[in-house]
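The chain contents come next:
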Amino acid sequence: MSGGFFGRLFGRGQEPEHGDRLVVPPVPTSEDLLASLDRVESMVAAGAVPAPVASRVRRVDQVVRDTIPRLASLGAGSPQAYSVMATATDYLPEAVGGYLRLPRQFADSRPVDRGKSSLMVLIDQLDLLAATMDQVFDAVCRADAAALVAHGRFLEEKFGSASTGGLLNVGALPVPPMPQGRGTGGQPPSVSAAGHDDSDDSDVLEDPEDADTGGLGRLQPPAGRDAS
């Protein structure tokens, strides 16, 4: 009986009841990560931390925010993606919170670890987080850059280099034929200022006499009338 009491008291010998299941917390979303970073910023602003701490927190915060949109390229189960999510939700909040829970005079002056004060310990932790997040961000960007370079080489193999204007042969565009008119040599007929077709003037018959006299026959007086 006493064993059961102490077992319940210290949590030993307890088995999950029938139907109980291990509940795994869901993977935090991008909104969850950004909200956690916002809370850290509020902690730093409300706690009036020293300038070296504030600048390092901003550095880690910015790199994590820049990396969150690229987590999909890392894969949800990759160690790099886990490091980013853990930094936003656990590592960074715990480091800052642990320092803020201490009295300021004690945290900034009393040595607690190999001669370092709590302030120096926090700065070391923030520097380590910043360096790690920089490496993750650099790896993500290099992966995207490598994909861009590979795509460019594919285009060069398919279409040629941009310096040569490309090698794709699209063929010459067909030239539309010129319209054929009634004029000579395939030229369109000319139109005079009077608005009629000059090419039809050849159909008008002239008086043979006018043709012989150069058109002066119309100016001769009628026959049998005195010229005076």
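Residues numbered from 1 in each chain as written. Predicted model: local features only at pLDDT ≥ 70, side-chain atom pairs only at ≥ 80, totals over all residues. Heavy atoms only, no water.

Peer 1: Lay out the overall build of the protein chain in plain terms, naming residues and giving numbers.
Peer 2: Each helix and strand counted, the protein chain has 8 helices and 2 strands in total. Ordered by position from N to C terminus, the α and β elements of the protein chain give α-α-α-α-α-α-β-β-α-α. Expressed as a percentage of the 228 residues in the protein chain, the buried residues total 21%. Surface summary for the protein chain: the accessible area is close to 17100 Å², and the carbon and sulfur share equals 58%. (Helix = DSSP H or I, 4+ residues; strand = E, 2+ residues; numbered from the N terminus. Buried < 20%, exposed > 50% of the residue type's maximum accessible area, 1.4 Å probe, protein only. Areas by Shrake-Rupley, 256 points an atom, 1.4 Å probe, with all protein chains shown as cover.)

Peer 1: How would you explain helix H2 (residues 30-47) if you had to name every residue and give the values?
Peer 2: The end-to-end C-alpha distance of H2 is 26 Å, a good match for the 26 Å that 18 residues give at a rise of 1.5 Å each. Turning to H2, its buried residues are Leu-33, Ser-36, Leu-37, Val-40 and Val-44. Buried residues along H2 cover an arc of 100° about the axis, so they all sit on one side. Away from its buried face by more than 90 degrees, H2 exposes Glu-31, Arg-39, Ala-45 and Ala-46. Next to the buried residues of H2 lie helix H3 (51-67), helix H4 (71-74) and helix H5 (79-100). Ala-48, located one to two residues past H2, shows a positive phi value of around 50°. (Expected span 1.5 Å × (residues − 1). Arc of directions from axis to C-beta. Contact = heavy atoms within 4.5 Å.)

Peer 1: Just give me the short version of the environment of Gly-98, but keep the residues and values in it.
Peer 2: Turning to its location among the elements, Gly-98 is positioned in helix H5. What makes Gly-98 partly exposed here is its relative accessible area of 23%.

Peer 1: Please give an account of the side chain of Thr-87 that cites residues and values.
Peer 2: Note on placement: Thr-87 falls in helix H5. Beyond its immediate chain neighbours, meaning those up to four positions away, Thr-87 contacts Val-60, Val-64, Leu-92, Pro-93, Leu-129 and Met-133.

Peer 1: Lay out the nonpolar core in plain terms, naming residues and giving numbers.
Peer 2: Core analysis: the biggest nonpolar cluster contains 31 residues, and Val-44, Val-53, Val-57, Val-64, Val-84 and Leu-92 have the highest contact counts within it. When residues of this core are traced back to their parent elements, those giving at least two are H2, H3, H5 and helix H7 (118-159). If you tally residues by element for this core, the top one is H7, at 9 residues. Discounting chain neighbours no more than four positions away, the residues touching Val-84 are Val-64, Thr-67, Ile-68, Leu-71, Met-133 and Val-136. (Core = buried A, V, L, I, M, F, W, Y, C linked by side-chain atoms within 4.5 Å.)

Peer 1: Could you give me a rundown of H7, with the residues and numbers involved?
Peer 2: Taking 1.5 Å of rise per residue, 42 residues should cover 62 Å, and H7 covers 61 Å from first to last C-alpha, within 8% of that figure. Three or more residues of H7 are buried, namely Ser-118, Leu-119, Val-121, Leu-122, Ile-123, Leu-126, Leu-129, Ala-130, Met-133, Val-136 and Val-140. In the core, the buried residues of H7 are packed alongside H3, H4, H5, helix H6 (104-109), strand E1 (111-113) and strand E2 (116-117). Just past H7, the residue Gly-160 takes up positive phi, approximately 95°.

Peer 1: How would you explain the environment of Asp-124 if you had to name every residue and give the values?
Peer 2: Tracing the chain through its elements places Asp-124 in helix H7. Distance in space between the C-alpha atoms of Asp-124 and Val-53 is 10.0 Å, their sequence separation being 71 residues.

Peer 1: Provide a residue-level description of the pattern of salt bridges, including the pertinent values.
Peer 2: Working definition: two side chains of opposite charge can pair if their charged atoms are close together. Enumeration according to the criterion identifies 9 salt bridges in this entry. Among the salt bridges present, the one from Asp-138 reaches Arg-142, with a minimum N-O distance of 2.8 Å. Here Asp-138 and its partner Arg-142 are both found in helix H7, 4 residues apart, which amounts to about one turn of the helix. The class of Asp-138 is partly exposed, set by a relative accessible area of 37%. Shared partners join several salt bridges into a network, and the residues in it are Asp-38, Glu-41, Asp-61 and Arg-65. (Salt bridge = Lys/Arg side-chain N within 4 Å of Asp/Glu carboxyl O.)

Peer 1: Give me unusual backbone geometry: which residues, what numbers.
Peer 2: One non-glycine residue, Arg-114, lies in the positive phi region at around 55°. Among the secondary structure elements, Arg-114 is positioned in the loop between E1 and E2. Overall, Arg-114 belongs to the exposed group, its relative accessible area being 80%.

Peer 1: Talk me through the packing of H2 against H5; I want residue IDs and the actual numbers.
Peer 2: If you want to describe how two helices pack, look at the angle between their axes and the distance between the axes. For the pair H2 and H5, the least separation of the axes is 9 Å and the interaxial angle reads 15°. Regarding the angle of H2 to H5, the classification is roughly parallel. Judged by the sense of rotation from one axis to the other, the crossing of H2 with H5 is left-handed. On H5, the residues that touch Leu-33, Ser-36, Leu-37, Val-40, Met-43, Val-44 and Gly-47 of H2 are Met-85, Ala-88, Thr-89, Leu-92, Pro-93, Val-96, Gly-97 and Leu-100. (Axes fitted to C-alpha atoms, helices over the stretch in contact; angles between N-to-C directions. Parallel < 35°, antiparallel > 145°, perpendicular 65-115°, else oblique. Left-handed = near helix turned anticlockwise from the far one by under 90°.)

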